Amino acid sequence: MTVKEMCEKLGLRSLTGECGMDREVGGAYIGDLLSWVMAHAQRGDVWITIQTHTNIIAVASLLELSSIIISEDAEVEEETIKKAVDENIPVLVSTQSAFMISKGLINAGLGN
Amino acid sequence: MGNIAYDFQIEKDDFERAGEASSKIKKILRQLGIDSGIIRRVAIAAYEVEINLVIHSLGGTISISIDPKSIMIIAKDIGPGIENVELAMKEGYSTASDKIREMGFGAGMGLPNMKKCADSFYIESIIGKGTIITMKMMLKDGE
Ligand SMILES: Nc1ncnc2c1ncn2[C@@H]1O[C@H](COP(=O)(O)OP(=O)(O)OP(=O)(O)O)[C@@H](O)[C@H]1O
Ligand SMILES: [Mg+2]
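None of the values given here were measured: they were computed from a predicted structure.

Just checking my understanding: could you explain the site of ligand 1 for this structure?
Looking at ligand 1, there are 20 residues lining it, with A:Ser35, B:His56, B:Ser94, B:Thr95 and B:Gly106 nearest. The backbone of B:Gly108 places a nitrogen or oxygen atom 2.9 Å from an oxygen atom of ligand 1. Coverage of ligand 1 by the protein chains reaches 95% of its 600 Å² of free accessible surface. The cavity that encloses ligand 1 is the largest pocket. Counting residues per element, the ones that place at least two in the shell around ligand 1 are helix 2 (36-56) and helix 5 (110-117) of chain B. Residues of the shell around ligand 1, tallied by class, amount to eight nonpolar, 10 polar and two charged.

Quick look at the structure:
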């Protein structure tokens, strides 16, 4: 599934326009502690978090994650969005909880 | 491949640029065609050490050198040093403030992550002087 397909299936709102929409989503990782994410998230994963400061883009870019979903409509800093576009990392927002987002991802066929 | 070396200056509390040095290091290794698994380990170790310099130190430098057999990362700061290195190395140990923790740092996993990613890991710290971390990753078949 591409990031674009994931957005359509889960009703995610992109803060970074069309940036990185063709990326392939390989798996998912949930976490708000950056060194845990750093240690365990895998290349291609979509990362579900409520962290919104610029450093999440550094983490996603270093690990070559496919995208970031900000859960429960947490507000994202302008600086983060700018950096995300520079690094070609899609930042997507959901009104749902991490649990409901995961359910949506599994229903969409991820992790099967 | 000849020997290649780069230095990066890291400023205390510079959260805006935190991660830039690691990102540059990763790009250099990519251009050299280094194995992607090794790049991942170097990127994780470099990131954790860079963030620690930003959060916990008074500033310092990260140096990377690449020779045909290995990649060496040396992080050197100007203080304040770590009182109990053994304790600092424990998973979950952190002195990060609440404000820093709110940003997602302070899980106490940075140093353990570095150790896991490196083939050899050496830390030396003197209170009032600073901390030096030396990490080495071996390249397969002298890549
Ligand atoms: N360069 C440094 N100078 C001074 N103290 C340091 C330095 N690096 C680490 N420390 C000390 O060691 C502790 C553990 O470091 P570690 O990187 O494992 O965890 P953390 O930075 O607190 O949290 P995390 O890395 O999970 O975000 C830190 O909380 C800090 O007290
Ligand atoms: Mg740390």
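We are not done yet, so read on.
Any chance you could explain helix 1 (residues 20-31) of chain B here in plain terms?
Note that an α-helix has 3.6 residues per turn; residues three or four places apart therefore point the same way. The terminal C-alpha atoms of helix 1 of chain B lie 17 Å apart, and with 12 residues this matches the ideal 16 Å at 1.5 Å per residue to within 8%. When helix 1 of chain B is considered as a whole, its buried residues turn out to be B:Ala21, B:Ser22, B:Ser23, B:Ile25, B:Lys26, B:Ile28 and B:Leu29. Buried residues along helix 1 of chain B sit against helix 3 (55-63) of chain A together with strand 1 (4-10), helix 2, strand 2 (60-66) and strand 3 (70-77) of chain B. B:Gly33 occupies a position one or two residues after helix 1 of chain B and carries a positive phi of about 75 degrees.

Explanation requested: the sheet that holds strand 2 of chain B in the structure shown.
Strand-to-strand pairing in sheets goes through backbone hydrogen bonds, with the strands running parallel or antiparallel. Residues and elements named next belong to chain B. Reading across the sheet, the five strands line up as 1-2-3-5-4 and stay open at both edges, with antiparallel pairing between neighbours. Edge positions in the sheet fall to strand 1 and strand 4 (120-126), since each of these pairs with one other strand and no more. Strand after strand, the sheet turns through a mean of 10 degrees between neighbouring axes, direction not considered. With seven bridges connecting them, strand 1 and strand 2 associate as antiparallel partners. Paired with Gln9 across the bridge in strand 2 is Thr61.

What's the story with the packing of helix 3 of chain A against helix 2 of chain B in this structure? I'm lost.
Two quantities define a packed helix pair, namely the angle between the helix axes and the distance between the axes. In contact at an axis separation of 9 Å, helix 3 of chain A and helix 2 of chain B are set at 160 degrees when each is read in the N-to-C sense. Here helix 2 of chain B runs roughly antiparallel to helix 3 of chain A, going by the angle between their axes. Contacts between helix 3 of chain A and helix 2 of chain B involve A:Asn55, A:Ala58, A:Val59, A:Leu62 and A:Leu63 from the former and B:Arg40, B:Ala43, B:Ile44, B:Tyr47 and B:Ile51 from the latter. Grouping the constituent residues of the contact of helix 3 of chain A with helix 2 of chain B by class yields eight nonpolar, one polar and one charged.

Whenever I open this one, the interface of chain B and chain A confuses me. Can you help?
For an interface, size is often stated in terms of accessible area lost upon the parts coming together. Across the contact, 23 residues belong to chain B and 23 residues belong to chain A. Linking chain B to chain A there are two salt bridges. One salt bridge connects B:Arg30 with A:Glu64, and the closest N-O pair in it is separated by 3.3 Å. The tally of links between chain B and chain A comes to 11 residue pairs in polar contact (both at pLDDT 80 or more). Going through the elements one at a time, helix 1, helix 2 and helix 5 of chain B are the ones with two or more residues in the side of chain B that touches chain A. A per-element tally of the side of chain B that touches chain A places helix 2 of chain B first, with seven residues. Each residue belonging to the side of chain B that touches chain A can be placed in one class, and the counts come to 10 nonpolar, seven polar and six charged.

Calculation criteria
- Residues numbered from 1 in each chain as written.
- Chains lettered and ligands numbered in written order.
- Predicted model: local features only at pLDDT ≥ 70, side-chain atom pairs only at ≥ 80, totals over all residues.
- Heavy atoms only, no water.
- Near = heavy atom within 4 Å.
- Polar contact = N/O pair within 3.5 Å; in protein donor to acceptor, adjacent residues only side chain to side chain.
- Areas by Shrake-Rupley, 256 points an atom, 1.4 Å probe, with all protein chains shown as cover.
- 1 Å grid on protein atoms, 1.4 Å probe; cavity = no way out; pocket = protein on both sides within 12 Å on 5 of 7 lines; lining within 4 Å.
- Sits in = over half its atoms within 2 Å of the grid points.
- Helix = DSSP H or I, 4+ residues; strand = E, 2+ residues; numbered from the N terminus.
- Nonpolar A, V, L, I, M, F, W, Y, C, P; charged D, E, K, R; others polar.
- Expected span 1.5 Å × (residues − 1).
- Buried < 20%, exposed > 50% of the residue type's maximum accessible area, 1.4 Å probe, protein only.
- Contact = heavy atoms within 4.5 Å.
- Pairing = 2+ DSSP bridges.
- Axes fitted to C-alpha atoms, helices over the stretch in contact; angles between N-to-C directions.
- Parallel < 35°, antiparallel > 145°, perpendicular 65-115°, else oblique.
- Salt bridge = Lys/Arg side-chain N within 4 Å of Asp/Glu carboxyl O.

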